[in-house]
Amino acid sequence: MRQIGIRDDDDDTTSGLKVSVPFLLCGLFLAVVWFFLPAEQWLLLFGMMVAYIVPPLGRETIIPVCILWGIPWWLAAFTLAFLDFAGGLFMAWNFPLVLRIPPYVGPPWVSRFTAAGRTFLDRRPWLERLYFVGLIAFVALPLTGRGGASSAPSSEECSG
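Residues numbered from 1 in each chain as written. Predicted model: local features only at pLDDT ≥ 70, side-chain atom pairs only at ≥ 80, totals over all residues. Heavy atoms only, no water.

Caption draft 1: Representation of the overall build of the protein. Each helix and strand in the protein was counted, giving nine helices and zero strands. Start at the N end of the protein and walk to the C end: the helices and strands fall as α-α-α-α-α-α-α-α-α. Residues classed as buried in the protein amount to 21% of the 160 residues present. Looking at the protein alone, contacts between residues at least 24 apart form 58% of all its contacts between residues at least 6 apart. Approximately 11700 Å² of the protein is accessible, and the part contributed by carbon and sulfur atoms is 71%. (Helix = DSSP H or I, 4+ residues; strand = E, 2+ residues; numbered from the N terminus. Buried < 20%, exposed > 50% of the residue type's maximum accessible area, 1.4 Å probe, protein only. Contact = heavy atoms within 4.5 Å. Areas by Shrake-Rupley, 256 points an atom, 1.4 Å probe, with all protein chains shown as cover.)

Here is the structure:
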């Protein structure tokens, strides 16, 4: 795993590509799908893509709603996987930009978090070799403490 840091050697063209390529890929995906779906279904799929990014009812409802509206299940699943890929690509390429956003998100908080993570992994080199397997397990296994279940307030928080 590489250490994350701010690199100022990127020129404006490279930085612009890193920001725009994930959006361009999504636009290209939408253009390709336009040729294979009727306009009504294309608009529904586009709406579901927006709902996946800004979930009004939870992300787990998107594929069933797509199926109910006549969008093939495999296209809905591929679309959501593609959105996750594009979002991950955007974050991987543009994380150093987050370190430049002051004052609440930028350098103080994120820098301390990444430095603590680097120190933790430097003390345990065997653990760093397992990061990929751990990431796959984190994404694949439905554990408590992630997603909608972890963001729901407890009964104590609701009562007072």
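Caption draft 2: The pattern of salt bridges, seen in detail. Enumeration over the complete set of coordinates arrives at one salt bridge. One salt bridge connects Asp 122 with Arg 118, and the closest N-O pair in it is separated by 3.2 Å. Highlighted residues: Asp 122 and Arg 118, both in helix H5 (residues 107-123), separated by four residues, approximately one helical turn. You can call Arg 118 buried: its relative accessible area is 15%. (Salt bridge = Lys/Arg side-chain N within 4 Å of Asp/Glu carboxyl O.)

Caption draft 3: Just helix H2 (residues 39-53), in detail. Along its 15 residues, H2 runs 21 Å from first to last C-alpha, staying within 8% of the 21 Å computed at 1.5 Å per residue. Within H2, burial applies to Gln 41, Trp 42, Leu 45, Met 48, Met 49, Ala 51 and Tyr 52. (Expected span 1.5 Å × (residues − 1).)

Caption draft 4: Fine view of a nonpolar patch on the surface. Among the surface-exposed residues, Leu 28, Val 32, Trp 34, Phe 35 and Phe 36 lie close enough to one another that they form a single nonpolar patch of about 620 Å² accessible area. Inspection of the secondary structure assignment puts Leu 28 in helix H1 (residues 12-34). Overall, Leu 28 belongs to the exposed group, its relative accessible area being 52%. (Patch = residues over 30% accessible without salt bridge, like charges linked within 9 Å, V, L, I, M, F, W, Y side chains within 5 Å.)

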